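Understanding the architecture of this molecule
As a plain string of letters, each chain reads:
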2 protein chains.
Amino acid sequence: MAGESVAALNDLPVKRPREEEEANGASVPTVSMETDGTEVPDSISAVIPGWFSEISPMWPGEAHSLKVEKILFQGKSDYQDVMVFQASDAPYSSTYGKVLVLDGVIQLTERDECAYQEMITHLPLCSIPNPKKVLVIGGGDGGVLREVARHSSVEQVDICEIDKMVVDVSKQFFPDVAIGYEDPRVTLHIGDGVAFLKAVPEGTYDAIIVDSSDPIGPAQELFEKPFFQSVARALRPGGVVCTQAESIWLHMHIIEDIVANCRHIFKGSVNYAWTTVPTYPSGVIGFMLCSTEGPHVDFKHPVNPIDAHESTTKSGRPLKFYNSEIHTAAFCLPSFAKRVIESKA
Amino acid sequence: MAGESVAALNDLPVKRPREEEEANGASVPTVSMETDGTEVPDSISAVIPGWFSEISPMWPGEAHSLKVEKILFQGKSDYQDVMVFQASDAPYSSTYGKVLVLDGVIQLTERDECAYQEMITHLPLCSIPNPKKVLVIGGGDGGVLREVARHSSVEQVDICEIDKMVVDVSKQFFPDVAIGYEDPRVTLHIGDGVAFLKAVPEGTYDAIIVDSSDPIGPAQELFEKPFFQSVARALRPGGVVCTQAESIWLHMHIIEDIVANCRHIFKGSVNYAWTTVPTYPSGVIGFMLCSTEGPHVDFKHPVNPIDAHESTTKSGRPLKFYNSEIHTAAFCLPSFAKRVIESKA
């Protein structure tokens, strides 16, 4: 294995904050040549020879690193740098497998993607009876689609992903994730989620899942009131939304704002949940779960449990992470987070 | 700030597996001189200049790194290398504060120690009525003692820590953790926990908390049948033990063995729980909770809730992490872990 040092930066980040990196004085990367002649970006993330390191102004002063076995893909889309690498095999524990990196930040690994995809999907869909129409914003890798497909009540799944390269790369390198696209109920729209949502007729969806990036840079819109208002408008009465909502350990100030915005806009239930994802910064990721005015939604107690029909995916793959117990547990917060979030009630 | 590159290795590791590192071909560190003339170990963990990186054969192929503001202490005890550093201030999120490192592995940070200390203590002590006699094995930093002290029913707390340097360093650099030693109910025994336990009269303790390191190297004994048998013997009927029990993401094979051993030895309840600790590998740590034959213990439903009297520490510090909801939630496992652990039943 060559000593690849790899990372990604670009001009129009959708997933992560390029402007912020530069504003914080991070060095602009140069490109070096590998011994085999392929170009490898040599950036702030390239701190351990042969390892990928994730350094970002979103989590200053800390970094998670994975040993690289082989770089499988490097590309630059209209929106971001896209990279796939194979993580090294590990003698004691199982490998992280293939890793998808956008703008230098890990989006998924084969080892732990189950936690994020299953939780962001089934927390909302198991909280309402018979979801029929579902919209996914972002989530171009297809993992959320794969999980939505477990719900036999679902008749229509729209996905709006801005970056076609993410879809193509996932289909090529992550077939167990991109399998979600094979479901005939799915329609893929390549485009801006904010614009897509504005064009949706009022009350269209039973559930909207926002598989978004961090709220610095272009994705900032997805955490602000106008976007949440569009989401609320696109949902039926008693419809539900689940959005990626950062880490209680790193971003309580962001979470406070999200909670305050959501309490203002969603007149049904407003709850915060979280789960473990080892390759996300601080090892956890949160979700904001809200419902519109209408039939009451008790997010903490799933009325549409999926455990019994967990093998309904085309691949027959059973749920690896989600179950009804961990659904309810996800809403139990550490005291430090509970105090802040409840203070916004 | 000088570009400190820091890590630790030693000859007689208690907390972590030196032999394993060498067996895996990790390079043996040399010592370099800083510009101010102080000695700084230059080891496998020194992968990012100015950063501390945690690399271990217990989690091969990945590493977590923290930016170092200043090294506050470096020493070599009879058992291990001991280091304290100040983590860098972060512009967005709060700092990890001071960090205690033993043999190159992070043991606690001021930022997230609350999660580990509160959970390993209150999961067992809130599961039985009126705990009176408590034994802590390991835990030399004093954090578990601080948490035990919240329980007004407790009359006697013995702690057996092998390394006096850990106690002294904690008292000097982590006063909010070592405050546990100020409680008059505490008796400190410097020595080997296994030997201490063998000398304890049968049925002495209501609860035993094993704040141990990983089961490779010398601490391996603390994960094996004879040790658990000594623990069971030292507990009263219906007494409880809580031991550090690794990560469901990294060490399911170790957890399987622990569960099998415990089911063999403890004739009461045997349960696995887990929590989030960002600076531990994979971001989670687990606990094995067992009770001896006698009055039934339902670990999942605390009978001795602490929320109401949470400010009984000498410092008046409220609980930051633990509450009764998160106690119950800690026993809800992801499906992949649940399947393995229940298969041992």
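The name given to chain A in an unreviewed UniProt entry is spermidine synthase, with the source organism recorded as Trema orientale.

1. Brief notes about the relation of the copies chain B and chain A
Aligned on chain A, chain B shows an RMSD of 0.0 Å; the corresponding rotation is 180° and the shift along the axis is 0.0 Å. The operation mapping one copy onto its partner corresponds to a two-fold rotation axis. Here 100% of the contact residues of chain B are again contact residues in chain A; the copies associate through an equivalent surface.

2. Some words on the pairing of strand β3 (residues 51-54) of chain B
Put simply, side chains in a regular strand alternate between the two faces of the sheet. Residue and element names in this part refer to chain B. The alternating pattern of β3 places W51 and S53 and F52 and E54 on opposite faces, both of which are buried. Sheet topology note: the β3/strand β4 (residues 62-76) ladder contains four bridges and is antiparallel. In the strand pairing of β4, W51 is matched with K67.

3. Things to note about the environment of A:L197
Residue and element names in this part refer to chain A. Residue placement: L197 occurs in helix α6 (residues 193-199). By relative accessible area, L197 is classed as buried at 0%. Remark: the alpha-carbon pair of L197 and V231, spanning 34 residues in sequence, is separated by 7.0 Å. Residues in contact with L197, not counting those within four places in the same chain, are L135, I137, I208, F227, S230, V231, R233 and A234.

4. Regarding the UniProt feature "active site" (unreviewed entry) in chain A
All names here are of chain A. Taking the numbering used here, the UniProt-annotated feature "active site" (unreviewed entry) corresponds to D211. Inspection of the secondary structure assignment puts D211 in strand β11 (residues 205-211). A polar contact is formed between the side chain of D211 and the side chain of Y116, at a distance of 2.5 Å.

5. Examining the pairing of strand β13 (residues 270-276) of chain B
Residues and elements named next belong to chain B. Summarising burial for β13: seven of the seven residues are buried, a large majority. By the alternation rule, side chains of β13 split into V270, Y272, W274 and T276 and N271, A273 and T275, which are all buried. Taken together, the seven bridges between β13 and strand β14 (residues 284-291) define a ladder with antiparallel strand orientation. Paired with T276 across the bridge in β14 is V284.

Rules and cut-offs
- Residues numbered from 1 in each chain as written.
- Chains lettered and ligands numbered in written order.
- Predicted model: local features only at pLDDT ≥ 70, side-chain atom pairs only at ≥ 80, totals over all residues.
- Heavy atoms only, no water.
- Least-squares fit on C-alpha atoms with pLDDT ≥ 70 in both.
- Contact = heavy atoms within 4.5 Å.
- Buried < 20%, exposed > 50% of the residue type's maximum accessible area, 1.4 Å probe, protein only.
- Helix = DSSP H or I, 4+ residues; strand = E, 2+ residues; numbered from the N terminus.
- Pairing = 2+ DSSP bridges.
- UniProt positions renumbered as here; feature names shortened; annotations may be inferred.
- Polar contact = N/O pair within 3.5 Å; in protein donor to acceptor, adjacent residues only side chain to side chain.

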